[in-house]
Structure formats: structure tokens, C-alpha cells
Amino acid sequence: MDLAAEGVLKQILKKARSAMMGGIPILYIKTDSDILIQKIVEEKESPLVVLLNGESSGKYYKRPLFERREEEQVQALKDHREPNVFPAEDCLNYVRDNYPTSRTMGAMTVPVIWTYKMWNQQEESRRKIYQELERYVLAHEDRNHENYMILQSSIVILYGSEVFLSPLLANYTEVIDVGYPDEEEIRSILLMETGADPKLTENKSYLSALCTNFMGFSEEEIVLTLQKIQATTSLEEADTVEKIIAERKAQKMEGGILEECEKDGDIGGMEGFKAWLMNQKQALKNSNDYKREVGTLPPKGVLLCGIPGCGKSEAAKFAARQLDLPLLKMDIGSLMDKYQGVSEQRMRDALKLAESMSPCVLFIDELEKGFSGAGGSDGDDGSGAFKRMFGYMLGWMQSNKKPCFLFATANNIGALPKEFFRSGRFDALYAVYLPTEEECVKIFQSSMMRARHTIAGAKRIQEDEVELFEPGCMDEKLLQRIIQKTLAADPNHPRIAIGSDIQKVVNVALRNLKGRGAITPRLWEEELIRAINESSLYGDGTENLDSIAVSYCRMLRKAFTPTADRVLFQNTDYHPEHLDAYSRLRQKNAAMMREDERKAWEKDLEENALLCCNRTFSSAYDQAVYQILKKRINDIAPMVEQQERNLMIRR
């Protein structure tokens, strides 16, 4: 056995021995590697065959093979070979022992090992396999069976990356996860396979970086990737080595339970969130050193909630790029399966893969769509499997110690189970509000720079060589003037834009100016104004305004941290304790009041409103949006508060 792989094999053998001593008749080893199974079965210290060791006080007991001293008896058992009775899909180049079927169990003379690779067969084929295995289990548990003691000493080894078991077999099977080599094991593999190359032994930082890049690789994958590196380049070519490893990682992710995404995102504004994010970089990139020096675990993750189209998904790509980590996306819906236990197993596999690929960013977009209703009572929506997936996810979020940074987004936090907001699940909860004028300007600039970046990538040139805009097109005053002429033209009815609206109008303007050469500031201003005036914006619809108000209410009442320092409303502005008094005041009929009574009533209404702040802004756009949103929030807040209270009571 290779010393480098000793850690993984020892873990498997230890779990197998424990299961065997407990009388478990079937082991399910979660791997597709035939080579690993061959090593496990042939390993001289393998406990996968348990022999009767005689009789003590009239009771039989059993011991692992490696504890026996009768070498001849051990060798005789190893030499016992009979043909495999199952189909040829089991293609391991190792002569397996005969699995005792219902026809052969009575003729057994010695304990046996049988190995079978569980492919993703059709349901009919899988049912036949289940029937044979269930006969074995029933015979194994039948004390009156003629070969009961021999069967007690035999073992069935199933293996495959996905677990396929019938309900009966699940009760008699020990599922053993095959872990990935840790940093120390990877270091041993690298030094062994390279012959302790001085390029690695003398450059500890480079060796450490290689170990990090190989996280999530099995021993076989590490060896094969190293062989490719040594055949095509030198370890001194760090960029080429990293590219080969990245290609191998991409190949591993294809068709898998996680998707590796491009890290090409950029966001305008969100300065508070950006500053917080950069403070997490060292703790994630160098988690082991950070743990030794500071004594804390790496950051767990962040939840961004808020208005749709304001850059939450782009923020995930931006975060991965700034942290210089791979971005892995998990789609909760794609993990669901009709077979019992498969959905939960896929969730465990996805999180295990994410841990093995750490340090990384694990991205779950629109979290509420994946887990809406999962935290409710049994009568609420959600199957048993769905709720078990949710429970496993929560447990992992609480106990994960690897530098696997969970980046989750949500549009409707009212649909999220309250368990997500408990301390220890996320390091930070951020609210993404409507962009202020200052942030709108930055989003315009970011969208324009993205266009330049896209052209540079398509033409394979440097960005400073792209002649798309003349100087002045990105000037703050020009963009502010555009906002005032379009979005804030009517102070009583401002047009509210979100980040995706701004990206859209920039794209429209660029398409309209195709073939004009370098765009001048004057031409750009005219075309942007035309594009905004001819486009529908998110805030134009009454229903969307109500949706914005509801979202603000929920984020303010949960005291989420704003992603920017300058926002229209602060958490301290929201006063749900005024709900009862405000509701009573709103029920009064102002038409029947005298003038002095009506003025007193309006004053009381203002003072008891849930949002009772009064602010002024230097920007006409911000002031107009503030006024219209303040009224909307006060109108809709009593209904939201009552709904949240009723939901809390039901829970």
C-alpha cells in the first residue's frame, strides 16, 4: 500500500472493521474506483473477511482476519476462488469470490467476499440485484440456516458513487464514504511521485499552493494529473501547471452535482459589502495558518437578500474573483430524485465535494425557491426527503470547519425558514436595497467597463486598446445629469431603476450606436436618455412598487446590514412596536373630523408610523424615491407585520 494513500485507506478499513464486528452483512463503499476496491480487498490488514475463531463457553465469536495467526488458513481462504454469478458489468480485473445466491448458499464450505459495482442500471435490472441481495440478508439473519455461521463470517461489498438500495437492504448495509486526501496526504503523494523534486522541497509556498489546487482530487487523479504535467511541461512553469490542474477540475465537474461557474462578475456600489468581503480573504485562502495564529475557523459564508435585479448573483461572481477562489454553484432542484434516500445522498455528496474542493465559494442562488416551506410543520409543503435535505444542510452550515464559503442569495426572505437566520449559519446577513443616485452612477460605469472588457476578450487585445468611448463618457456629472433628466424628471413620480435596468439601457444604447466609431460624451448622453425614456423600468409597475415596499419591510424588521453605507432608510427607522397604535389611527374616518382634529390626527399618524423618519437628500432622485417609498412602506407595513406574526405563531 502506498504510504501517501494510507490516510484514506485506513479510514475506510477502520469503518469497515467496526461494521463487520457489529455483524453488518453488506458494505456499500461510495466510490467508482475499481483500483481502490482492489486495494481494499487485497490489503493484508483488510478486515473485510471475518472468520469464526472457535467456540467459547458454547458461544461463537469472530475476529478480523488480520488478528489471526494461522497463516496457512488465511492463505487457503485467499486462494479460494469461484466464478462470479453476476453480469459482466462488474469489470474489476480481480477474480472475485462467489456470492452465495439462494442456489449456492447451502453448498458453502468457507466464508467468502463478493464485490459488485452498482451501476445506474434500469429499474428492472436493479430489482433483480435487490432480490438476490435480500435472499442473502435473510439467510444471514436466519439462525436455523444450515450455513448460518459461515454466512455470519461472509461479506458483500457493493460500490459506486451513488447509493442504490432497497428499503430492506438499507437496514442491513453500512455506507462508507470515501474521503479525499487531505493536505498532508497530498503533500506526500506529490513528493513521492516527483521523487522529492527540489523545486518543491525548497519552495514550501509553491508546494503548499499545489496542495491547495489538488484539494478534491483522489489519489489516482493526483497521480494521473502529475503524469500529464511531467509529460507536457515542467513544475517550474507554475502558470501552465495551474492551467492543467484547472482543466482537470473542470472535467471532474462536468455532469456532476455541482457546476463550476465563470468568475466574470462585477458590481457597482455595495461598498460596505466589498470592504467586509476583502477582510475574509486571508482567512479563506490560508485557513490552516489563520487557524493556528488566530484560533478561529474560516468564515462560513454570507446571505444577500433584497430587491430582484440589484446584482446579488453578480456579487457572487465578483466575490469569487476578489477572493481568487473557484465558484461552485449548487442547484437544489437538480438534487431531487424519486428514489428513497437518493435526494438526501446527493445533498451529502454535493457538500462533501464542495468541502473537498475548498477553499472555494459555494453559490446557492434564490435560496428561498430551494427551501421554501422546509422549516414548516408536517402539514406544510415539502416531502420528507426535502425536509431531511434541509436539516442536513442546516447541520452542515453549523458544523462545517473547511474553508468552503457559502454565498447564498434570496429575493423573498419571507419564504425562507427562520432557521437560516440563526447565529452560526452565516457570518453576515446583507440587505441589497434600491441603488441610490451615487450607486446608479457606479452601475452605469461598471456596465460600460464590462462592454469594453467583452470587446477586449473577443478581439484578444488589451482593454486600453479598445476605442469604444471617448474620454468623458464615464464622467460622474454626465451620468448624474442623465439620471436627473430621466429618472427624477417628475419629483412626485420618479422612475425607479434597479441594476438590471441600467445594464439593459446601456446595452440598448450600445446596439443603437453600432458602427459610429468611438462614442462622444454628447452622443452617449443623448442615446442613454433616449434608451431610458423608451424602456420600461422595474419601478414603473404598481405591483413592483408594492413588492419593493414588502422587501424593505422584511429586511428592516430583521435588521440586515445594508451593502452600502448610504441608504434611504436605516434599521433604526423602522418601529414595529407602533403597529397597534398606527392601525387604530388608520381606522379613523378623517372626513368626519374638524380641521384641528384632523391636524392632530395626522400628527399622531406620522409619529406612530412604522417608518417615521424625516430626511432630506442632496440628490433630487434620492429625495423623490425616499418620499414615494416611505408612503408605500407605511401603507403596506401593517399587513406585513401581521402576516409575520401569524406565521410565527403557526411555527
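Since we're looking at a predicted model, the values are computed, not measured. (Residues numbered from 1 in each chain as written. Predicted model: local features only at pLDDT ≥ 70, side-chain atom pairs only at ≥ 80, totals over all residues. Heavy atoms only, no water.)

A short note on the packing of helix H24 (residues 579-586) against helix H25 (residues 595-607)
Their axes nearest at 9 Å, the elements H24 and H25 cross at an angle of 150 degrees. With respect to their mutual orientation, H24 and H25 come out roughly antiparallel. As for the relative orientation of H24 and H25, their crossing is left-handed in sense. Contact residues: H24 offers Tyr 582, Leu 585 and Arg 586, while H25 offers Trp 601, Asp 604 and Leu 605. (Axes fitted to C-alpha atoms, helices over the stretch in contact; angles between N-to-C directions. Helix = DSSP H or I, 4+ residues; strand = E, 2+ residues; numbered from the N terminus. Parallel < 35°, antiparallel > 145°, perpendicular 65-115°, else oblique. Left-handed = near helix turned anticlockwise from the far one by under 90°. Contact = heavy atoms within 4.5 Å.)

A word on the pairing of strand E12 (residues 428-432)
The side chains of a regular strand alternate between the sheet's two faces. With four of its five residues buried, E12 lies for the most part within the structure. By the bridge criterion, five bridges tie strand E8 (residues 301-306) to E12 in an arrangement that is parallel. Considered in E12, the bridge of Leu 303 is made with Leu 429. Pairing geometry for E12 and strand E13 (residues 561-562), over two bridges, is parallel. Pairing of Ala 431 across the sheet is with Pro 562, part of E13. (Buried < 20%, exposed > 50% of the residue type's maximum accessible area, 1.4 Å probe, protein only. Pairing = 2+ DSSP bridges.)

Some thoughts on the environment of Lys 418
The residue Lys 418 is located in the loop between strand E11 (404-410) and E12 in this model. Spatially, the C-alpha atoms of Lys 418 and Met 648 are 9.2 Å apart, while their sequence positions differ by 230 residues.

Considering the environment of Ala 354
Structurally, Ala 354 is set in helix H16 (residues 342-356). Owing to a relative accessible area of 0%, Ala 354 belongs among the buried residues under this scheme. Counting along the chain gives 27 residues from Ala 354 to Leu 327, while the straight-line C-alpha distance between them is 9.9 Å. Ignoring any residue separated from it by four or fewer positions in sequence, one finds Ala 354 in contact with Leu 258, Leu 328, Cys 360, Leu 362 and Cys 404.

Focus on the sheet that holds strand E1 (residues 26-30)
Here four strands make up an open sheet; going across it, the order is E4-E5-E1-E6 and the pairing parallel. Where the open sheet ends on each side, the last strands, each with one partner, are strand E4 (113-117) and strand E6 (173-177). Put simply, the sheet's adjacent strands are angled 20 degrees from each other on average, direction ignored. Pairing between E1 and E6: five bridges, direction parallel. Within E6, the residue paired with Leu 27 across the bridge is Glu 174.

Concerning the packing of aromatic side chains
Scanning all chains against the criterion turns up 13 aromatic pairs. Pairing Phe 469 with Trp 524 gives two aromatic rings, centres 5.1 Å apart and planes at 65 degrees, and the pair type is edge-to-face. Separated by 55 residues along the polypeptide, Phe 469 in the loop between helix H19 (437-459) and helix H20 (476-486) and Trp 524 in helix H22 (residues 521-534) bring together distant segments of the chain. Residue class for Phe 469 comes out buried when judged on its relative accessible area of 15%. Residue classification places Trp 524 among the buried residues on the basis of a relative accessible area of 0%. Clustering of aromatic rings is evident, with ring pairs tying together Phe 273, Trp 276, Phe 363, Phe 405, Phe 407 and Tyr 430. Positioned over the ring face of Tyr 392 is Arg 348, at 5.7 Å from the centre of the ring. (Phe/Tyr/Trp six-rings, centres within 6.5 Å; stacked < 30°, edge-to-face > 60°. Lys NZ or Arg CZ within 6 Å of the ring centre and 35° of its normal.)

Here we look at the nonpolar core
Core analysis: the largest hydrophobic core is formed by 127 residues, its most contacted members being Phe 273, Met 330, Leu 362, Phe 407, Trp 524, Tyr 552 and Phe 569. At eight residues, the largest contribution of residues to this core is made by helix H26 (residues 620-650). Excluding anything up to four places from it in sequence, Trp 524 contacts Met 448, Phe 469, Cys 473, Leu 478, Val 506, Ala 509, Leu 510, Leu 513 and Ile 519. (Core = buried A, V, L, I, M, F, W, Y, C linked by side-chain atoms within 4.5 Å.)

Observations regarding the sheet that holds E13
Taken in spatial order, the seven strands make up an open sheet running E7-E9-E10-E11-E8-E12-E13, and their pairing is mixed. Across the chains shown, the open sheet's two edge strands, defined by having one partner strand only, are strand E7 (259-261) and E13. In this structure, strand E10 (residues 360-364) lies alongside E11, joined through five bridges in parallel fashion. Across the sheet, Phe 363 pairs through a bridge with Phe 407, a residue of E11. Sheet strands touched by helix H15 (residues 312-323): E8, strand E9 (327-329), E10, E11 and E12. Its angle to E11, the strand with the most contacts, is close to 160 degrees.

Topic: the pattern of salt bridges
Under the defined criterion, the tally for this structure stands at 28 salt bridges. The partner of Lys 485 in a salt bridge is Glu 525, with the nearest N and O atoms 3.2 Å apart. Taken as a pair, Lys 485 in helix H20 and Glu 525 in helix H22 lie far apart in primary sequence, 40 residues in all. Overall, Lys 485 belongs to the partly exposed group, its relative accessible area being 47%. (Salt bridge = Lys/Arg side-chain N within 4 Å of Asp/Glu carboxyl O.)

As for the side chain of Arg 425
Looking at the element boundaries, Arg 425 is found in the loop between E11 and E12. In this structure the side chain of Arg 425 is engaged in a polar contact, spanning 3.5 Å, whose partner is the backbone oxygen of Leu 394. Only 3.0 Å separates the side chain of Arg 425 from the side chain of Gln 398, close enough to count as a polar contact. Residues within four places of Arg 425 in sequence aside, it is in contact with Lys 300, Leu 394, Met 397, Gln 398, Glu 419 and Phe 420. (Polar contact = N/O pair within 3.5 Å; in protein donor to acceptor, adjacent residues only side chain to side chain.)

Observations regarding H15
The terminal C-alpha atoms of H15 lie 16 Å apart, and with 12 residues this matches the ideal 16 Å at 1.5 Å per residue to within 8%. Of the positions making up H15, those classed as buried are Lys 312, Ala 315, Ala 316, Phe 318, Ala 319, Ala 320 and Leu 323. At the exit of H15 stands Asp 324, carrying a positive phi of roughly 60 degrees. (Expected span 1.5 Å × (residues − 1).)

Bear in mind that shape data such as this cannot, by itself, settle questions of function.
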